[in-house]
Every structure is written in structure tokens, then in C-alpha cells.
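So you can see what is in the structure, the chains are spelled out below.
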Amino acid sequence: MAENLLETFWATVADVLPIAIVIVGFQSLVIRRPIANMRRVGLGFLYVLVGLAFFLQGLEMALFPIGKIMAQQLTAPEFIIGVEQGSAKVNIPAWSQYHWVYAFALAIGFSTTIAEPSLLAVALKAHQVSGGVVGVWGLRIAVAIGVAFGIALGSYRIITGTPLHWYIIAGYLIVIFQTLYAPPMIIPLAYDSGGVTTSTVTVPIVAALGLGLASNVPGRNPVFDGFGLIAFASLFPIITVMAYAQVSTWWAKHQ
Amino acid sequence: MFKAFLNTFIGSFYDLLPIIVVIGFFQFAVLQQPIPNLLEILIGSFFVLIGLTLFVQGLEMGLFPLGESLAFAFAKKGSLTWLLLFAFALGFGTTVAEPALIAVASEAAKVAAEGHVIEATQQARTDYAFGLRLTVALSVGFAIVIGVLRIIRGWPVQYLIIGGYIGVIVMTFFAPPEIIGIAYDSGGVTTSTITVPLVTALGVELASSIRGRNPMVDGFGLIAFASLTPMIFVMAYGMIG
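What counts, and where the lines are drawn
Within each chain, residue numbers correspond to sequence positions counted from 1 in written order. As they are written, the chains are lettered A onward and the ligands numbered 1 onward, keeping that order. Residues qualify for local features only when their pLDDT is at least 70, as the model is predicted, and side-chain atom pairs are given and counted only at 80 or more; totals for whole chains, interfaces and linings, by contrast, use all residues. To get the side-chain values, take all heavy atoms of the structure and skip hydrogens and water. In this text, helices come from DSSP runs of H or I with a minimum length of four residues, and strands from runs of E with a minimum of two, each type numbered from the N-terminal end. We call two residues in contact when some of their heavy atoms are within 4.5 Å. In protein, a polar contact requires one atom able to donate a hydrogen and another able to accept it; more generally it is a pair of N or O atoms within 3.5 Å, and residues adjacent in sequence count only if both atoms are side-chain atoms. Reported buried area values correspond to the accessible surface (1.4 Å probe) lost by two parts on association, with both partners' losses combined. Salt-bridge detection follows one rule: a side-chain nitrogen of Lys or Arg within 4 Å of a carboxyl oxygen of Asp or Glu. For each domain, the first and last residues come from an automatic or database assignment. Expected span of a helix: the number of residues minus one, times 1.5 Å. The quantity called bend is, for any residue, the angle between two axes fitted respectively to the seven residues ending at it and the seven beginning at it. Throughout this description, buried means an accessible area under 20% of the type-specific maximum (1.4 Å probe, protein chains only), exposed means over 50%, and partly exposed covers the range between. Only C-alpha atoms enter the line fits that serve as axes; for helices the fit covers just the stretch in contact. Angles between N-to-C directions range over 0 to 180 degrees. Small angles under 35 degrees read as roughly parallel and large ones over 145 as roughly antiparallel, with 65 to 115 read as roughly perpendicular and the rest as oblique. Helix crossings are classified by the rotation of the near helix relative to the far one: an anticlockwise turn of less than a right angle makes the crossing left-handed, while a clockwise turn makes it right-handed. Under the scheme applied, nonpolar residues are Ala, Val, Leu, Ile, Met, Phe, Trp, Tyr, Cys and Pro; charged residues are Asp, Glu, Lys and Arg; polar residues are all the others, including Gly.

### Looking at the side chain of T193 of chain B
As for its placement among the helices and strands, T193 of chain B is situated in the loop between α7 (177-189) and α8 (195-209). What T193 of chain B contacts, discounting residues up to four positions off in sequence, is L52, P117, S118, S199 and T200 of chain A together with F55 of chain B.

As C-alpha cells, then:
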């Protein structure tokens, strides 16, 4: 176990290496000025590295195996149609028979987003910069609702086999329309929240769900239909974060 | 110090509680199965807790101040060329080695080989995956440059982003169908857990140190560019490749 942890630590260091080279390079060659509180910053960087190593190793041990098995089991034909009918009648399940898949997509999308460290970082910064107007939990919950809805809708899309780009284009149109009416302060943050949602925790579980669906739903090809869930998970938070700001302003006006 | 750690630790526990509830509910109530390897899961969960706690502590101590001090130093130096070079290097450097991107690129090479876009040899696949990674990394470097330029010039973010969306939509109709799903997904996988805090702090501090810029309106938006340009670049890669 200690060996795995160390391995994850070195992998994290390797990921960070390019960033470190860029920063150290520019710091020493271009800026030529020492960073303030160098020791504290260095210690903080070390905390981030060790923290991420523990975090990733822990996910690998606790969440990913069970999450992947669950995604596989929930999408399996035996679970959807039931064991006894499955072999007797070769019928293709209707999209509504996947109700547990949608429930799982909603729940896992929401809960993994709440645990996503990069979203927490952006929420802390936004809270600080906005002088407390943007709540840390308010933003995180708004984003999590967006991811939950996005992954559920993305699952529906894989099950029904409808073309991905129509959903994405429709989503973009909603974003453009909302941008016209949303408070200007929230717009850049809302756009950012689309990109931060899908990282360490969410992507592996969501990828397993997409792969499970694409390989188990009749007529889908895992190679071609498994993609697209991440795109959904990065689009819908933009909509929900703008909606969150719109509802908050409306609420403040009508209090 | 210890008290701060304890508070963060408790906060991390609340962050993870929803996952525990969801997994527990689906495992017991829906799938009706016992939890396998309970001990390993408990140890793993404890690791996740410690990891998140350390990460949040390190964020406030290391990553945020680092991003801020870099932005401040570049603003003080006043050289736009160096700032933009740094922006490009940061975007390119953090993306080219991103593990999630490596995974998606090799998956995409598999799709391309099965769709007979490239030859079904190992060499062709490796080349294709590497080309894709390079494309995405270039696009993220480009995105951070545009994003930083926007902060300095004070361009409204929505015109650029909506313009980008229109670009994505137009290209969707011309790009080969098998690349579209990959292109759309590549936007989401580029921004890693270390890049996001660093880039966010950089943008916010840059906006704060330039007169007439508002950190809330002008400081955010860098991540948005970094998730948009890969879609366009990857579709272009599919059309040329």
C-alpha cells in the first residue's frame, strides 16, 4: 500500500513537473525576483502534492472500483430487463426502463462534483473576490446540479442513440440567450465553471458509466457512442450557474 | 495551525459525504449487494479525506499566492511579450502531460483506427494520439494567451466565448463525424486540479493589478477559454489529419 502511495506521489510530481519548470524558468530568467514568503509557498506546494497523492490513491482504493462495478451492473441487460425475461424474449428495452441509470447518473454527477477539488478552489476564490456575494456552497451546489442534469441527459442520449451535436448546439443556444439576461458579474465565472467540473473525481466514474451504457445498450458501439458525457457535464453547469445568479437577484429584489 | 487543519478535515468530510450516501444507497437498496473489500474501502476513504485536507491547506498557502505573485510580478514588469509567452508556456506545459488527456488521446486513436481514418498499425495509432495531444496542448496555450490579452484589454468575455461557440457549431457540420464526440470531450479534460487554482489566481490578480479592471468581471474566464479552444482545434485536426 505504501508502495502504491509512493507511486501515485511520483506520478503526481511528474504531472506537476512541466508547470514547475515553466514557473521556475520564468521566475529565475525573466522576473528575477524571489517569490514572497518562499518557504511558506514551497510548503504549500508540497501539501498540494502530498494531498493529491493521498487523494488519488484513496480514490483508486475506495471509489473507482466500486463506482465502475456499479456503473457496469446498473447498465447490464440482466438488471434492466430482469433475469428471467432477458433470455426468453429478446426485446430491446425502452429508454424509460433505464430509470435507475438516470437516478444513478444524477446522484453520482452531483456527489462527485461536490468532492471535486478544483471546483472548491474556484469557489473559494470567487467567494473572496466577490466580497462574499457568491457563496462557496451556493456555487458548488449550482455547478453540481448542472453536472447531475448533464450526465443524466447524456445517458439518455447514449440510450436513445440520438446525435450528440444537436444537444450541444441546443445547450449553446440556451447559454447565449441566458448571457443576454444574466448579471454581468457572474458571466465569466459561469463560463469557467463549465471547465472545472470534470477532473479527478468525476471523469473516471462518468467514463465508466458511458462505456457501460455504450457496450450494453443494444445497437450502440462502445468505440463511437461512449464519448460525449464529459461534454454534457461541462456545458450544463454554465446554464445552472447563470440561473443561480438570476434567481438570487430576483430573490433579492422581491424580498 | 492544528485547529485550521481540523476544520479543513471536517469540511472535507462533508464534501465526501454525498458520495458515501449515493454509493451506499445504490449498493444496498438498488443493486442489493454487499460492499466488497470493506477494509480497503475504509482505508481508501481515509486517504481521500487526508488528501483533500492537505490539498485545501496547500491551496491557500502555496498555489493561490504563487499565481498571485506571478501575476503581480508580470504586471509590474510591464512587458506584454513576456507575459504572453509565459501564458502560452503555462497552458501548453500543463496540458501536454495531463494524464486525462493522454487517456482520451489513446482512446481517440483507437476510434480512428476502427473507423479506418488511419492505418490499423501501432505506429499510426501512436502518431495519431501524439498529434492529438500536441494539438490540444497548443490550443490551451493559445487559449491562455487570448484570455490574458482579454484581461489586459478589457474585452467582454461573452463576445469571445459566443464567437467560439459559433465556431464550434459551424465546424461540427464539416468535421468527420467520428471526431466530434472526442472533440467535445477534449474541452473538459484539459484543466487539471493544479492548473485550475494557479490559472484562476493568476487571472484574478492580473485583473486586480491593472487599473480599470474588475477582478470579478475580468479576472475569471481563463478556464473557459481553455475548455473551448480544444474543441475547435481537435475538429480541425480531424479535418486535416
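More follows now that the structure is in view.
### Quick look at the side chain of S111 of chain A
Its place among the elements puts S111 of chain A in helix α5 (residues 99-114). Reaching out from S111 of chain A, the side chain makes a polar contact with the backbone oxygen of A107 of chain A at a distance of 2.9 Å. Residues in contact with S111 of chain A, not counting those within four places in the same chain, are P18, I19 and V22 of chain B.

### Quick word on the interface of chain A and chain B
Residue-level contacts link 89 residues of chain A with 96 residues of chain B. Approximately 8,300 Å² of surface area, both sides summed, lies buried where chain A meets chain B, with 82% of it carried by carbon and sulfur atoms. Applying the counting criterion to the chain A and chain B interface returns two salt bridges. Here E68 of chain B makes a salt bridge to K125 of chain A, at a shortest N to O gap of 2.4 Å. Applying the counting rule to chain A against chain B returns 10 residue pairs in polar contact (both at pLDDT 80 or more).

### Quick look at the domain arrangement of chain A
By domain assignment, chain A separates into domain 1 (1-60) and domain 2 (76-84 + 92-254). The centre of domain 1 of chain A, based on its C-alpha atoms, is set 30 Å off from the matching centre of domain 2 of chain A.

### Thoughts on helix α1 (residues 2-30) of chain B
All names here are of chain B. For α1, built from 29 residues, the straight-helix expectation of 42 Å at 1.5 Å per residue is met to within 8% by its first-to-last C-alpha distance of 41 Å. Largest kink in α1: about 35°, centred on L16, with the proline P18 one to four residues after it. Listed in full, the buried residues belonging to α1 are T8, S12, D15, L16, I19, V22, I23, G24, F26, Q27 and V30. A positive phi of about 50° marks Q32, the residue just after α1.

### Overview of the packing of helix α5 (residues 122-153) of chain B against α8 of chain B
Residues and elements named next belong to chain B. Running from N to C, α5 and α8 point in directions that differ by 25°, and their axes come no closer than 9 Å. By the angle class used here, α5 and α8 are roughly parallel. Taken as a pair, α5 and α8 cross one another with a handedness that is right-handed. In this structure, α5 uses I144, V148 and I151 to contact α8, whose residues at the interface are V199, G203, L206 and A207. By residue class, the composition of the contact of α5 with α8 is six nonpolar, one polar and no charged.

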